[in-house]
Amino acid sequence: MKYLPFFDQIESITVYDDLTQFLGVNDDGVVDITYPDVVKAAGHSCATVAGAYLVAKEGLKALYTDTLPQRGGIKVEIKKAPLEDNAGVVGSVISLITGATKDYGFGGIPTGKFNRRDLLFFEANIEADVCFTRLDTGAKVCVNYKPGKVVNPMAILKSAISPDATQEDKDSFGQRFQAMVKEVFDNTDKVIEVIKWKNW
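Scope of this entry: the structure provided in the associated data block. (Residues numbered from 1 in each chain as written. Predicted model: local features only at pLDDT ≥ 70, side-chain atom pairs only at ≥ 80, totals over all residues. Heavy atoms only, no water.)

Thoughts on the nonpolar core
Right, so step 1: One finds Tyr-35, Val-76, Ile-94, Ile-97, Phe-132 and Phe-185 to be the most contacted residues of the largest nonpolar core, which totals 50 residues.
Right, so step 2: In terms of residue count, the dominant contributor to this core is helix H3 (residues 47-63) (eleven residues).
Right, so step 3: Core analysis: the next-biggest nonpolar cluster, separate from the first, contains five residues, Ala-124, Ala-128, Cys-131 and Cys-142 among them. (Core = buried A, V, L, I, M, F, W, Y, C linked by side-chain atoms within 4.5 Å. Buried < 20%, exposed > 50% of the residue type's maximum accessible area, 1.4 Å probe, protein only. Helix = DSSP H or I, 4+ residues; strand = E, 2+ residues; numbered from the N terminus.)

A short note on the packing of helix H5 (residues 153-161) against helix H7 (residues 173-186)
Right, so step 1: Relative to each other, H5 and H7 sit at 180 degrees, their axes nearing to 10 Å. Judged by the angle between their axes, H5 and H7 are roughly antiparallel. Contacts between H5 and H7 involve Pro-153, Ile-156, Leu-157, Ser-159 and Ala-160 from the former and Phe-173, Arg-176, Phe-177 and Met-180 from the latter.
Right, so step 2: Residue composition of the contact of H5 with H7, grouped by class: seven nonpolar, one polar and one charged. (Axes fitted to C-alpha atoms, helices over the stretch in contact; angles between N-to-C directions. Parallel < 35°, antiparallel > 145°, perpendicular 65-115°, else oblique. Contact = heavy atoms within 4.5 Å. Nonpolar A, V, L, I, M, F, W, Y, C, P; charged D, E, K, R; others polar.)

Regarding the sheet that holds strand E5 (residues 130-134)
Right, so step 1: The five strands are arranged E4-E3-E5-E6-E7 in an open sheet whose pairing can be described as mixed. Each edge of the open sheet carries a strand with a single partner, namely strand E4 (120-121) and strand E7 (192-196).
Right, so step 2: Pairing analysis gives two bridges linking strand E3 (residues 74-78) to E4, with the strands arranged parallel. Each residue of the ladder has a partner; that of Glu-77, found in E4, is Phe-121.
Right, so step 3: Along the sheet, helix H4 (residues 87-98) contacts E3, E4 and E5; its crossing angle with E3, the most-contacted strand, is approximately 170 degrees. (Pairing = 2+ DSSP bridges.)

As for the environment of Ala-160
Right, so step 1: Along the polypeptide, Ala-160 turns up in helix H5.
Right, so step 2: Under the relative-accessibility criterion, Ala-160 is labelled buried at 11%.
Right, so step 3: Sequence separation of Ala-160 and Asn-26 is 134 residues, and the distance between their C-alpha atoms is 45 Å.

What to know about the environment of Ile-13
Right, so step 1: By the secondary structure assignment, Ile-13 is in strand E1 (residues 13-16).
Right, so step 2: A relative accessible area of 4% means that Ile-13 is categorised as buried.
Right, so step 3: The residues touching Ile-13, leaving out its near neighbours within four places in the chain, are Val-31, Asp-32, Ile-33, Tyr-53, Lys-57 and Ile-97.

Observations concerning the side chain of Thr-101
Right, so step 1: Note that Thr-101 resides in the loop between H4 and E4.
Right, so step 2: A relative accessible area of 7% means that Thr-101 is categorised as buried.
Right, so step 3: Beyond its immediate sequence surroundings of up to four residues, Thr-101 is in contact with Ser-95, Arg-116, Arg-117, Asp-118, Leu-119 and Leu-120.

Some thoughts on the layout of surface pockets
Right, so step 1: When its volume is computed, the largest pocket comes out at roughly 690 Å³.
Right, so step 2: In terms of lining, the largest pocket is formed by 25 residues, of which the most central are Thr-48, Asp-85, Asn-86, Tyr-145 and Pro-147.
Right, so step 3: Those elements giving two or more residues to the lining of the largest pocket turn out to be H3, H4 and H5.
Right, so step 4: Here the lining of the largest pocket is composed, by residue class, of 15 nonpolar, five polar and five charged. (1 Å grid on protein atoms, 1.4 Å probe; cavity = no way out; pocket = protein on both sides within 12 Å on 5 of 7 lines; lining within 4 Å. Points joined across faces, edges and corners; volume = space filled by probe spheres on them.)

Structure representation (structure tokens):
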């Protein structure tokens with residue numbers, strides 16, 4: 001798959017997946033997830049997909065300070081409903097990274113181990129955009145994503161689809177849109193806010 005060079009400059013997310021190790025996919029359970037991986041899963045690259053990737057990356061960094069994030073060992077809460085502001089896309093990206101699903105994921109082996117269901121929740125009663133909770137320790141981190149601080153995706157989109165859009169506006173849309181996505185990644189410290197839970 002061909003994609004823009006800046007995709008390879010985005011830091012990957014490394015997790016430990018005991019199911020991967022148990023089933024013999026590799027011998028150490030270490031899984032690297034890249035931005036191109038989530039782009040393939042989502043079918044596109046936009047501010048929402050980029051934001052979900054950053055929310056997971058920065059949230060898991062804060063939640064697991066001295067060890068790899070445990071894929072399948074994290075509860076994910078999303079404040080919005082799946083159809084609200086494309087929160088379903090956010091959930092899909094974060095599910096890929098954390099292994100957390102609603103009722104459609106792997107149910108585990110007969111002993112109950114490796115269950116991935118009932119770990120992803122929408123319309124959660126939280127004060128942030130997304131919260132991550134470790135199942136082993138109960139430690140919790142919440143993350144806010146504010147792309148509007150640096151970009152305006154809708155303005156770029158409208159510039160290409162409005163009735164008065166020029167051919168140049170239409171031809172340059174993809175390039176301008178992905179430049180906007182790069183701007184999000186280049187300003188991670190401005191668009192991402194990580195909050196450690198008060199009782200941690």
